[in-house]
Amino acid sequence: MTVADSDKSRLDDAARAGWLYFIAGHTQDEIAKMLQVSRASAQRLVSLCLAERLITFRLEHPIAACMELAAKLKERFDLVHCEVVPTDPASPQATAGIAERCANLLDATLRSETPVIVALGTGRAVRAAVERVTPIDRPNHQLVSLVGTISADGSASFFDTVGRLADRTGARHYPMPLPFLMASEDERNRMVRIEPIAKVKAIAAKADLRLIGIGQMDQKAQVHVDGFVTREELFEMMRLGAIGEVTGWAYDGKGKLIKAGTNKRLTSIPPEVPAQATTIGAALGQAKVPAIRAALLGRLVNGLISDEATARAILEK
């Protein structure tokens, strides 16, 4: 190994230590165990991360392995945007890393003086990203929800992201004031044609950026866990071949939307197929790998923010 390679490797280690300490929130003792170094070495790596300005408020150092995975994903699936963050060894399902990068993307978009339209889906990663957005006064921007913001019991959805982002930016926002599912296809068709909903759909159609979650369709599917669909509805979609969902729209292993089941009663704005506007899926975890890969294959998204372990698993298929 050359001196240059040794320095690069040490900076990579420092960046990992910095990410684990400042973003994932681990102690130096925990970091020492994860990186298999002494506590003193872990402390020096965190100090080096600061000294080399690899981290300010956000991690700026492009970790080589993550960059390589992102480049491979971008090439294989013809993506317009792809970021891969380190996997937290102690909590591989933690969304802190991808939420941070999603927040960075939102920050960069919302800093524009030119009016922009941002459309948001739901999910833990998207909500966590919104909470990290730097407050900024941008009243000329527009924020629009892609998903119905009323829960099955009539209450406002906990995962309403548009209202929260509007609080942080002063932007005009357009929620989707409908239940996630209607009782029948006819009722859904009537409701989405009423003027206020048609206006929301028209704004969403012009979005410059769409940021959405990607969910698996199995017994632990978030759309079921969070009460949007019943167990019977979930199982029906699984029998129809559903492997994943974006903004509630279920699709099969090839990324094709299923023309039956809950998709006929769903009020969410349908995804563009193939995605035209920048449409970023934010997701991670082994259970979501088939769903993420299918969404990429079907061009339901043209961008991805995920972590190392998930990225490797997608590329191995």
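Every value quoted in this text rests on a predicted model; they were computed, and no experiment measured them.

**A few points about the sheet that holds strand β3 (residues 142–150)**
What the seven strands build is an open sheet, ordered β1-β10-β9-β5-β2-β3-β4; its pairing is parallel. The two strands at the open ends of the sheet, each matched to only one other strand, are β1 (81–85) and β4 (172–179). Averaged over neighbouring strand pairs, the angle between their axes works out to 15° when direction is ignored. Here helix α13 (residues 308–316) sits on the sheet and contacts β1 and β10 (303–307); the angle it forms with β10, its principal contact strand, is near 120°.

**Remarks on helix α4 (residues 64–77)**
Spanning 14 residues, α4 covers 20 Å between terminal C-alpha atoms, matching the ideal 20 Å at 1.5 Å per step. Among all positions of α4, only Ala64, Cys66, Leu69, Ala70, Leu73 and Phe77 are buried. Positive backbone phi, at 55°, marks aspartate 78, one or two positions downstream of α4.

**Quick notes on the packing of aromatic side chains**
Within the structure shown, the criterion is met by two aromatic pairs. With a centroid separation of 4.9 Å and an interplanar angle of 85°, the aromatic rings of tyrosine 21 and phenylalanine 22 are classed as edge-to-face. Note on tyrosine 21: relative accessible area 33%, which makes it partly exposed. The class of phenylalanine 22 is partly exposed, set by a relative accessible area of 38%.

Each value, and the rule that gives it
- Residues numbered from 1 in each chain as written.
- Predicted model: local features only at pLDDT ≥ 70, side-chain atom pairs only at ≥ 80, totals over all residues.
- Heavy atoms only, no water.
- Pairing = 2+ DSSP bridges.
- Helix = DSSP H or I, 4+ residues; strand = E, 2+ residues; numbered from the N terminus.
- Axes fitted to C-alpha atoms, helices over the stretch in contact; angles between N-to-C directions.
- Contact = heavy atoms within 4.5 Å.
- Expected span 1.5 Å × (residues − 1).
- Buried < 20%, exposed > 50% of the residue type's maximum accessible area, 1.4 Å probe, protein only.
- Phe/Tyr/Trp six-rings, centres within 6.5 Å; stacked < 30°, edge-to-face > 60°.

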